[in-house]
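Structural features, examined
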Amino acid sequence: MPPSVKSEPLPEGTDAVELARALLKIPSVTPDSAEAVDFVAAVLAAAGFRIDRFSSASAGPPIANLYAQIGESGPNLCFAGHVDVVPPGDPALWTHGPFSGACTDGLLFGRGAVDMKGGVAAAIAAALQFWQAGPPARGSISFLVTGDEEGPALDGTVKVVERLKAQGTRIDHCVLGEPTNPGALGDMVKIGRRGSLSGTVTVRGKQGHAAYPELADNPVPRLIRLLNGLIEAPLDHGSDHFPPSNLEIVSVDVGNPVFNVIPAEARAKFNVRFNDRFSLPTMQAEILRRLTAVAAPASFDLAFQPGPSESFVTAPGPFVDLVRGAVETVTGRSPALSTTGGTSDARFIKDLCPVVEFGLVGRTMHGVNEATAVDDLERLTEIYRLILDRYFANPPV
């Protein structure tokens, strides 16, 4: 059985708005998301799901994770998401409290309303509506929920994936409810994500007086040449499903507060989002090649940050068509198939099964007064329900 839930009595599990409001009232700022995960576990357990609730703490504080399943056979359609949220900032700047779950003028407010407690609530409501209407002749519905997506992502979904692999649990397809739509519900389905790699370039010199440069060795001009070497030429021109890879210099620092001292060291940080023309090893090699083309390797240090990710794509086919068709039926919009944006937990789930992402409109995510239209939340539930209806009527496996 799942751990006890400290919040109010469980709302009706098939009402997405009430589920979302209850989740929004739980202040689950990452990594302190256990109560929100317990809430989801309690709702699903009450509906008959088998619950595997566990924590992982390999890289810091314990992270709450959940895998829940109803049904015994395949195919297994999984809904994935996270219930941890980013900090709300100054609560005084919010029209309604960031953890109030206020619902007014057709909007549902709260940290996580869009990213992505609203999506989790819609998926739960849709799944319970579908199952209570009569289970399919064969098949299972599952939920993969984590409390570490907004954090380092080292003890969340990646650990659930490892656990499912070790247990031999099969998931056939997954819908991840991240907020994918830039302007209106139905704009976009994400079928992949670019890879991400971050690093630091450091150049060392000799500190000295700015008026006597012959007595010093200024590392800044050499760092500038290195950075120009990184960005001067395009990395590529895109691929079938991806835009061109892109490298951004995000910080240049010498730690020098005065004007009359040549610094002893200069460093720059960069992040590159790359498409499927590169792998992590080939992207790392390309960065090193560009740097050494303008300077000898011994004249700089290059360090890559931990936690990089590979690009991936779920190729258009029956499953993508099913999701896209459900979106178009409910919204009247033909969503673009996209691989834009940052990383998501889909980068881990893709090791289990094909995964696509579709959720709410993301304009207010991570901002003050984060909110979703109640109508969007209800239509998202309808989309998820239609995906379930069509998936089990004619499984794309």
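Small disclaimer: the values here were computed from a predicted structure and weren't measured.

1. Observations regarding helix 1 (residues 16-24)
Helix 1 sits mainly inside the fold: 7 of its 9 residues count as buried. Every buried residue of helix 1 is accounted for by Ala16, Val17, Leu19, Ala20, Ala22, Leu23 and Leu24. Between a side-chain oxygen at the N-terminus of helix 1 and the backbone nitrogen of Val17 the separation is 3.1 Å; the capping residue is Asp15.

2. Observations concerning the packing of aromatic side chains
Tallied over the full model, the rule gives 7 aromatic pairs. Between the aromatic rings of Phe319 and Tyr391, the centroid separation amounts to 6.4 Å while the plane-to-plane angle is 80°, which identifies the pairing as edge-to-face. With a gap of 72 residues between them, Phe319 in helix 7 (residues 318-331) and Tyr391 in helix 9 (residues 374-393) connect regions that are remote in the sequence. You can call Phe319 buried: its relative accessible area is 5%. Owing to a relative accessible area of 0%, Tyr391 belongs among the buried residues under this scheme.

3. Notes on unusual backbone geometry
Of note, the amide linkage connecting Thr30 to Pro31 takes the cis form, showing an omega dihedral of 10°. Here Pro31 is to be found in the loop between helix 1 and helix 2 (34-46). The amide bond that connects Asp115 to the next residue, Met116, takes the cis arrangement and shows omega of -15°. Structurally, the position occupied by Met116 is in the loop between strand 5 (107-109) and helix 3 (117-132). At His366, a residue that is not glycine, the phi angle is positive and equals roughly 70°. With respect to the helices, strands and loops of the structure, His366 is situated in the loop between strand 18 (355-357) and strand 19 (371-373). In this structure His366 comes out as partly exposed when scored by relative accessible area, which is 41%. One non-glycine residue, Asn369, adopts positive backbone phi at about 60°.

Reading the values: rules and limits
Residues numbered from 1 in each chain as written. Predicted model: local features only at pLDDT ≥ 70, side-chain atom pairs only at ≥ 80, totals over all residues. Heavy atoms only, no water. Buried < 20%, exposed > 50% of the residue type's maximum accessible area, 1.4 Å probe, protein only. Helix = DSSP H or I, 4+ residues; strand = E, 2+ residues; numbered from the N terminus. Polar contact = N/O pair within 3.5 Å; in protein donor to acceptor, adjacent residues only side chain to side chain. Phe/Tyr/Trp six-rings, centres within 6.5 Å; stacked < 30°, edge-to-face > 60°.

By themselves, these observations are geometric and do not establish any function.
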